[in-house]
Amino acid sequence: MLKSKTFVKKTRSGGVMKIVREHYLRDDIWCGSEVCAECKQESAVLQRDACIESNLCTYPHYLIPDTNVVLHQIDVLEDPVIRNVIILQTVLQEVRHRSAPVYKRLKDIIHEKEKHFYTFTNEHHRDTFIEREPGESANDRNDRAIRVATKWYSQHLKTSESDAEGLKVVLLTNDQGNTQKAEESSLLVYKCMWSMFSIRGSTDPFKKLCVSTNEITSSKVLFPEHLPLSRIQAGIKSGSFLQGSFRASRDNYLEATVFVQGEGEDSTEVLIQGLQNLNRAVHQDVVAVQLLPRNQWVAPSAVVLQDEGTIQRGMFWSEAASKPTGKIVGIIKRSWRPYCGMLNASQIKESTRHLFTPADRRIPRIRIETRQSSTLAGQRIMVAIDGWPKHSRYPNGHFVRSLGSAGEKDTEQEVLLLEHDVPHQDFSQAVLSFLPKMPWAITPEDMVKREDLRHLTVCSVDPPGCTDIDDALHCRELDNGNLEVGVHIADVSHFIRPGNAMDKEAANRGTTVYLCGKRIDMVPELLSSNLCSLRSNVERMAFSCIWEMNDKAEILKTRFTKSVINSKASLTYAEAQMRIDDTTMNDDITQSLRGLNKLAKILKRQRIEKGALTLSSLEVRFHIDSETHDPIDLQTKELMETNSMVEEFMLLANISVAQKIYDEFPDCAMLRKHPAPPPSNYDILLKAAKSKNVEIHTDSAKALADSLDGAKVDGFPYFNTLLRILATRCMMQAVYFCSGMDSDFHHYGLASPIYTHFTSPIRRYADIIVHRLLAVAIAADSTYPDLMDKHKQSALANNLNYRHKMSQYAQRASVAFHTQLFFKSRGILNEAGYVLFVRKNAIIVLIPKFGLEGTVFFDTKDKAAPNLVFDEEGPTLKVEQHNFCIFDKVKVTISLDASNIQHQKIRMALIDPVIPGVSVPAPDVEPQAKKPKLDR
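Residues numbered from 1 in each chain as written. Predicted model: local features only at pLDDT ≥ 70, side-chain atom pairs only at ≥ 80, totals over all residues. Heavy atoms only, no water.

Enquirer: Please explain the side chain of N500 as it appears in this structure.
Expert: Considering the arrangement of structural elements, one finds N500 in the loop between strand 21 (483-490) and helix 16 (501-509). Assessed through its relative accessible area of 11%, N500 is described here as buried. Among the polar contacts made by the side chain of N500, one reaches the main-chain amide nitrogen of D503 at a distance of 2.8 Å. (Helix = DSSP H or I, 4+ residues; strand = E, 2+ residues; numbered from the N terminus. Buried < 20%, exposed > 50% of the residue type's maximum accessible area, 1.4 Å probe, protein only. Polar contact = N/O pair within 3.5 Å; in protein donor to acceptor, adjacent residues only side chain to side chain.)

Here you go:
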């Protein structure tokens, strides 16, 4: 039988379209019962002996639950006692649309043969299909369809055989209106609660019903209501609330901090723990937080919480000193952006509701609706958040666009740049229009305010493959016996004029971003790699800082000038070092390098005597295959004397320029400071040193530097390097600021009272501003309003700080991705390493050979958890009978865990020390095949 429905629809163009929908009805859909003689079914599902021991229904019966019973009491239906249940198509469809998790649980029950759940397609049966009446709601129509199907079953099964056995059909509903109408139709109807309580042998029915009710309640209100802005503002004014920036934890999805900026340099961090207290805040939102009573303050978690596993309360809370703890009461400003990640397609076939997992672990999963799930599987996609209702566990969002297949280098690089907000689009025509016309040459007009230094023996020293050469040096002996030393910096500000499109683009980008095998330029390549780059044997414009020094590296005179230079050599660090060391070489370039190197050693010694820190961090260098562009070798970078030589003169130039521009423009100089760390930052360093009976003093930078110099442990030569790596982690971030907006100029790490960035204008916009200030100070260029506006300079400094921080994160992420590529083809390696940090359930291990850090977990899901005892004071972790301390030497396996394509990670497992049930046997490592050619 065919039912059809015809209606007309207006099209976009204004026309009318006739639509006909056909609905097929059949009379060969069987009831599924063993007692039925009419239906010609091959195998029935519903049993003849449908008895459940019940005080309410003492007779055999089949149950027909309505939609709300399934949604709200799915736990009841899962009880082993509940059998012989008819699930109507109407109910199944409605459950599928309203709750994907319940629908999956219901389908699982239907597939359990011993439960005898039968799906009856009442919407296509000739006798049970009903049409929606005029004015009837969809919900009322569905309730009526359930009643009609129940009535049909009752009449259909009234054969002599079933009637003799007393078999009845019971409608289960909690809806008062549905119950009343069912009784009016002479149907047997019960509320689910009374039915469940009447069943003998059910496993704790009250608990099941309570759990279910709580789940439904919590699905309505999972989170507290956010306060309106008016109450938030009043609360902040009165001091009952604090305003701050929400920072989610990478390691623990149930923990975050709110950074509250106080007066001047004062700031507070408020700890937030638990879903309800986090209250739908997303990373970087501006939030209002209310402090909890002091007796409810807790300490940050010491456990590394993987994914969203179950939490053991004893593991979650730390016994360390508690911190101010609070709860989010409102959102002042959302900082949502499109997020990169991957779709977790629903397990329900044809479902349109799916969860999206962001690449950034600090962002919660996002619920989206899409019909493209099969297409998007295995793709990196972008999703935007639309809102986060208080009854939803996750925020709701929508699909924005696809980025490409996950795991592909180009796709992953795009994700990396987008996630770290790195502007990487091609330069616009408006920007490119301000480039000089080629061929370019220095004109007589350019020379008017410039000094001709083309005769000097200037050379540059840079890493191999460097094309954006910012700086060059010279050193020569003067007639009076003193030395003249010059630092010559690319004059980028000559080409980028204030306020034009190229200037605005450079100011927005803030910095050049160096990824493995790729560079995202701040300025177009014509400038960065050609016209501004101080390449050898070509004339280039420069900004020179020239000192007259004696042989003790004491500065006698300083002058600054715009200039024209002609570099005589572009050397790598290794080439420069070779010239210095080769006694047979005595040409002008080599003599200049030796003079510079001699002075640099004195300058470094003087700096260290003043309290400058010499810290350590392992940087790695990849050797890339010239054809596949995959990493084929990974090693830590080796530093030479020439690295230090260049660094010393760059530091000296930056300090000299900082003093000059501050003297001239005390209110608007662009400077850089490095705040002293708060004493609490040094806790881990002090504990680590104490574990090896070494004392570290942190009263001042000099005290720390002296302590680090004297920190030695017999038979442990790497100890000092490890200590310096740890000291680096204790430091604060250095930041740009405007001199008129701050009073503390000190640079803690360099032990310098004033500092700026002058020496890298090709890759840092701050240096361009400093060049402009210096040019005005020496009357080599004219000023402009924004340069003298301290508020605009301060806003610019904030953007530069943000861009600089994000570029560092992007670079680290690029190294991490290429490290994964490197280990992908290596199988499992065995390497020696050192414990860098100790956690409640893990140790973090540093592998010096690769400059690699990884976590060895002791509570993995696939193994029985060993006995773990964590001592916060040490800190130490006792695993079974073995104690782990910071700096302990261990041996681990290293492999790539690619089980989660989005969050591939380096996995480490303990080989040595051998702990039964915890450590793994050392795998046989095959000798490396001959390395292919390197693209150096």
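Still more ground to cover, so stick around.
Enquirer: Just checking my understanding: could you explain helix 24 (residues 765-777) for this structure?
Expert: Given 3.6 residues per turn, any residue in an α-helix points the same way as the ones three and four places further on. For helix 24, with 13 residues, the first-to-last C-alpha span of 19 Å sits near the 18 Å given by 1.5 Å per residue. Here helix 24 lies mainly inside the structure; 13 of its 13 residues are buried. Positive backbone phi, approximately 60°, marks A779, located one or two places after helix 24. (Expected span 1.5 Å × (residues − 1).)

Enquirer: Sorry, what's going on with helix 5 (residues 138-156) here?
Expert: Between its terminal C-alpha atoms helix 5 stretches 27 Å, which fits the 27 Å expected from 19 residues at 1.5 Å a residue. Taken together, the buried positions of helix 5 are R141, N142, D143, R144, A145, I146, R147, A149, T150, W152, Y153 and H156.

Enquirer: I would appreciate a short explanation of the sheet that holds strand 32 (residues 842-847) in the present structure.
Expert: Strands pair in a sheet through their backbones, by hydrogen bonds, and they do so in one of two ways: parallel or antiparallel. Taken together, five strands build an open sheet; the order of strands is 33-32-31-37-38 and the sheet is antiparallel. Only two strands of the sheet have a single partner each, and these edge strands are strand 33 (852-857) and strand 38 (905-912). Across the sheet, the axes of successive neighbouring strands diverge by a mean angle of 45°, strand direction being ignored. (Pairing = 2+ DSSP bridges. Axes fitted to C-alpha atoms, helices over the stretch in contact; angles between N-to-C directions.)

Enquirer: Can you help me understand the pairing of strand 16 (residues 379-387) in this one?
Expert: Regular strands have side chains that alternate between both faces of the sheet. Within strand 16, eight of the nine residues are buried, leaving the element largely enclosed by the surrounding structure. As paired elements, strand 13 (residues 339-344) and strand 16 share three bridges and run antiparallel to each other. Within strand 16, the position partnered with G341 by the bridge is I381. Note: strand 16 against strand 17 (residues 396-405), eight bridges, orientation antiparallel.

Enquirer: Mind showing me how you'd approach the side chain of H474 here?
Expert: Mapped onto the secondary structure, H474 falls in strand 20 (residues 471-477). Separated by 2.8 Å, the side chains of H474 and E484 make a polar contact. Sequence-distant contacts of H474, defined by excluding residues within four places in its chain, comprise L456, T457, V458, E484, V485, G486, H488, S592 and L596. (Contact = heavy atoms within 4.5 Å.)

Enquirer: I would appreciate a short explanation of the packing of aromatic side chains in the present structure.
Expert: Two descriptors summarise a pair of aromatic rings, namely the distance from one centre to the other and the angle between the planes of the rings. Under the counting rule described, the total for this entry stands at 16 aromatic pairs. Consider the rings of Y718 and Y834, whose centres lie 5.3 Å apart with planes at 20°: the pair is stacked. With Y718 in the loop between helix 22 (701-710) and helix 23 (719-730) and Y834 in strand 31 (residues 829-838), this pair connects stretches of sequence that are 116 residues apart. For Y718, a relative accessible area of 18% translates into the label buried. (Phe/Tyr/Trp six-rings, centres within 6.5 Å; stacked < 30°, edge-to-face > 60°.)

Enquirer: Can you walk me through the packing of helix 21 (residues 683-691) against helix 23 in this structure?
Expert: Relative orientation and spacing of two packed helices are given, respectively, by the angle between their axes and the distance between those axes. For the pair helix 21 and helix 23, interaxial distance at closest approach is 8 Å and the crossing angle is 160°. Classified by the interaxial angle, the pair formed by helix 21 and helix 23 is roughly antiparallel. Crossing angle aside, the handedness with which helix 21 passes helix 23 is left-handed. Between helix 21, through I684, L685, A688 and A689, and helix 23, the contact on the second element is made entirely by L723, L726, A727 and C730. Grouping the constituent residues of the contact of helix 21 with helix 23 by class yields eight nonpolar, no polar and no charged. (Parallel < 35°, antiparallel > 145°, perpendicular 65-115°, else oblique. Left-handed = near helix turned anticlockwise from the far one by under 90°. Nonpolar A, V, L, I, M, F, W, Y, C, P; charged D, E, K, R; others polar.)

Enquirer: Which parts of the structure should I look at to understand the environment of K891?
Expert: With respect to the helices and strands, the residue K891 is situated in strand 37 (residues 889-897). Residue K891 is classed as partly exposed on the basis of its relative accessible area, which comes to 38%. Separated by 22 residues in sequence, K891 and P913 have C-alpha atoms that sit 7.3 Å apart. Excluding residues within four positions of it along the chain, K891 makes contact with N830, E831, A832, A909, L910, I911 and D912.

Enquirer: Help me understand the sheet that holds strand 13, please; the structure alone is not making it clear to me.
Expert: With mixed pairing, the five strands of this closed barrel are ordered in space as 13-14-15-17-16. Pairs of neighbouring strands in the sheet enclose a mean axial angle of 55°, with direction left out of account. Across four bridges, the pairing between strand 13 and strand 14 (residues 353-358) is antiparallel. Pairing of N344 across the sheet is with L355, part of strand 14.

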